[in-house]
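Summary of structural features
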Amino acid sequence: MIIALLGVSLAEWAGAQAGGVHSRVPTRIDAGARHVIYLHGRIIEEQGRRPTSPVWGVYEYQQILDLLASNGFVVISEQRKRDTDMDLFAAHVAEQVRQLMRAGVRPEHVTVVGFSKGGGIATRTSALLGEQRVNFVFLAACGDGDFSGSDLRIRGRILSLYEESDDLGRSCHGLFELSGDTGERTEEQLHIGGGHGAFYRPHEQWLTPLVQWVRNARPAG
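This report concerns the structure included in the present document. Computed from a predicted structure; not experimentally measured.

1. Re the environment of Asp 166
Tracing the sequence through the fold places Asp 166 in the loop between strand E8 (157–163) and helix H7 (173–179). The sequence separation of Asp 166 and His 191 amounts to 25 residues, and the corresponding C-alpha distance is 9.8 Å.

What follows is the structure, encoded as structure tokens:
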């Protein structure tokens, strides 16, 4: 169901472009490709690549990466170490984005996707880069949504998705307001169910808008 709606056949998904998923920026960068940097949730730091939450079930990290790659994107996703510092890793991701752009990849063809703790890292990456043409997708990224007193100022073309039943990842509206007019942005509340675990598996309801956001980015002018 999910695969068909995203325009990917079962055979394509099963093969899922093994060369399209990387743990680092590829040595040989395809400057014409759309690149997606996916930042996973905290539970993978703690339990490994296929963790299970007693509340939200199995986090199908590899399935998500493979499905993104099967949509034609070069996917970069590094499995972080336990207790990774968010600010330090955001600086690392910002440098990955710069590395892609130095190799000739248009900023509009780079998207940083972050879920939960990975979403927090994505917001920090956005602020560090200060580049309005780079794309971001925040998945349950804004905690309780209270950014009063924060000095975080995000930049970029930003999509925020959060699940109605999720108590951990709420709306990024407060962060958007705090940052002012800093680029195109949109936000959508989803109704998948399952709380925070809605983003543990490749649900069509969040993957379809994510894929469309990546594909629809166009150079200014």
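2. Some thoughts on the pairing of strand E2 (residues 35–39)
The element E2 is largely enclosed, with a buried count of five among its five residues. Bridge analysis of E2 against strand E5 (residues 74–76) gives three bridges, and the strand direction is parallel. Bridge pairing links Val 36 to Val 75 in E5. Here E2 runs beside strand E6 (residues 110–115); their pairing, made up of five bridges, is parallel. The residue bridging Leu 39 from the neighbouring strand is Gly 114, located in E6.

3. Section: the sheet that holds strand E7 (residues 135–139)
Spatially, seven strands are ordered E1-E5-E2-E6-E7-E8-E9 in an open sheet, and the strand pairing comes out parallel. Where the open sheet ends on each side, the last strands, each with one partner, are strand E1 (21–22) and strand E9 (185–190). Across five bridges, the pairing between E7 and E8 is parallel. Across the sheet, residue Asn 135 finds its bridge partner in E8, namely Arg 157. Sheet strands touched by helix H5 (residues 86–102): E2, E5 and E6. Its angle to E2, the strand with the most contacts, is close to 170°.

The rules we used
Residues numbered from 1 in each chain as written. Predicted model: local features only at pLDDT ≥ 70, side-chain atom pairs only at ≥ 80, totals over all residues. Heavy atoms only, no water. Helix = DSSP H or I, 4+ residues; strand = E, 2+ residues; numbered from the N terminus. Buried < 20%, exposed > 50% of the residue type's maximum accessible area, 1.4 Å probe, protein only. Pairing = 2+ DSSP bridges. Contact = heavy atoms within 4.5 Å. Axes fitted to C-alpha atoms, helices over the stretch in contact; angles between N-to-C directions.

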